[in-house]
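Given next are the chains, with one letter for each unit.
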Amino acid sequence: IKSQPPGDEWKCFFAQYTYPHIVSPFFTFNSQIDTWQLGNILQLGCTPPNCNDQQMEKFEHFYEEFKQAEIPILDSKSNGGFLDSCLAHCQSLSDAAWIETQVNNQSARETFSYWYFGRSGERKVIDCAYPCNKSCK
C-alpha cells in the first residue's frame, strides 16, 4: 500500500500491482475473464456473448489488458498458473472448477500438483481466447 500514491490504495487488490512486491513463488488460478471485474470495473452492462458490438469491443480490450498484465507473472520460472477463458469469479473456491475445467486437456488440480510437487507436466497453462473452452460451466 505504501508504494501507491494517496487514493490508489485500492490497487493492492489486483495482481499486476502487487506482483512486483512478492518474492515467494506462487500459483495463480484465475479466469482471464473475471465476471466481477466485467460488471464492477469495466461496467460492461451485459454478459458476453449477449452484448452489442460496442460492448464486445470494450470486452475484447479488457481481455487484452488482462493478458498483458499476466505476462510478468507467467514469465517467472518459479511461478505456476492455470488461466482459463471461462466467465467466472472466485473459481478456486469450487471443487468442480479445480477438477472439471480443462485447459489443454489438463485440470487446475493437475497443473497445481505438477507445480507444487515438482512433477513432470505443464506447470503453466493458458487457455485459448473466449469462448473456445467447452469445459466452462
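Residues numbered from 1 in each chain as written. Predicted model: local features only at pLDDT ≥ 70, side-chain atom pairs only at ≥ 80, totals over all residues. Heavy atoms only, no water.

**Brief notes about unusual backbone geometry**
Going from Pro-48 to Pro-49, the amide bond is cis rather than trans, its omega being 10°. Counting through the fold element by element, Pro-49 comes out in the loop between α2 (35-40) and α3 (53-75). Cis peptide bonds are those with omega within 30 degrees of zero, and the linkage from Tyr-130 to Pro-131 qualifies with 10°. With respect to the helices and strands, the residue Pro-131 is situated in the segment after β5 (124-126). Positive phi values are uncommon outside glycine, yet Gln-43 reaches one of about 50°. Within the secondary structure layout, Gln-43 lies in the loop between α2 and α3. (Helix = DSSP H or I, 4+ residues; strand = E, 2+ residues; numbered from the N terminus.)

**Describing the pairing of strand β1 (residues 27-34)**
With seven of its eight residues buried, β1 lies for the most part within the structure. Bridge count for β1 against strand β2 (residues 80-88) is seven bridges, and the pairing is parallel. Each residue of the ladder has a partner; that of Thr-28, found in β2, is Gly-81. (Buried < 20%, exposed > 50% of the residue type's maximum accessible area, 1.4 Å probe, protein only. Pairing = 2+ DSSP bridges.)

**Let's talk about the layout of surface pockets**
Taken as a whole, the largest pocket holds about 850 Å³ of empty space. Considering the residues around the largest pocket, the lining is formed by 31 residues, among which Phe-14, Ala-15, Asn-30, Gln-37 and Phe-66 are closest to the centre. Elements represented by at least two residues in the lining of the largest pocket include exactly α1 (15-18), β1, α2, α3 and β2. With six residues, α3 is the largest single contributor of residues to the lining of the largest pocket. Residue composition of the lining of the largest pocket, by class: 19 nonpolar, nine polar and three charged. (1 Å grid on protein atoms, 1.4 Å probe; cavity = no way out; pocket = protein on both sides within 12 Å on 5 of 7 lines; lining within 4 Å. Points joined across faces, edges and corners; volume = space filled by probe spheres on them. Nonpolar A, V, L, I, M, F, W, Y, C, P; charged D, E, K, R; others polar.)

On their own, these measurements won't tell you what the molecule is for.
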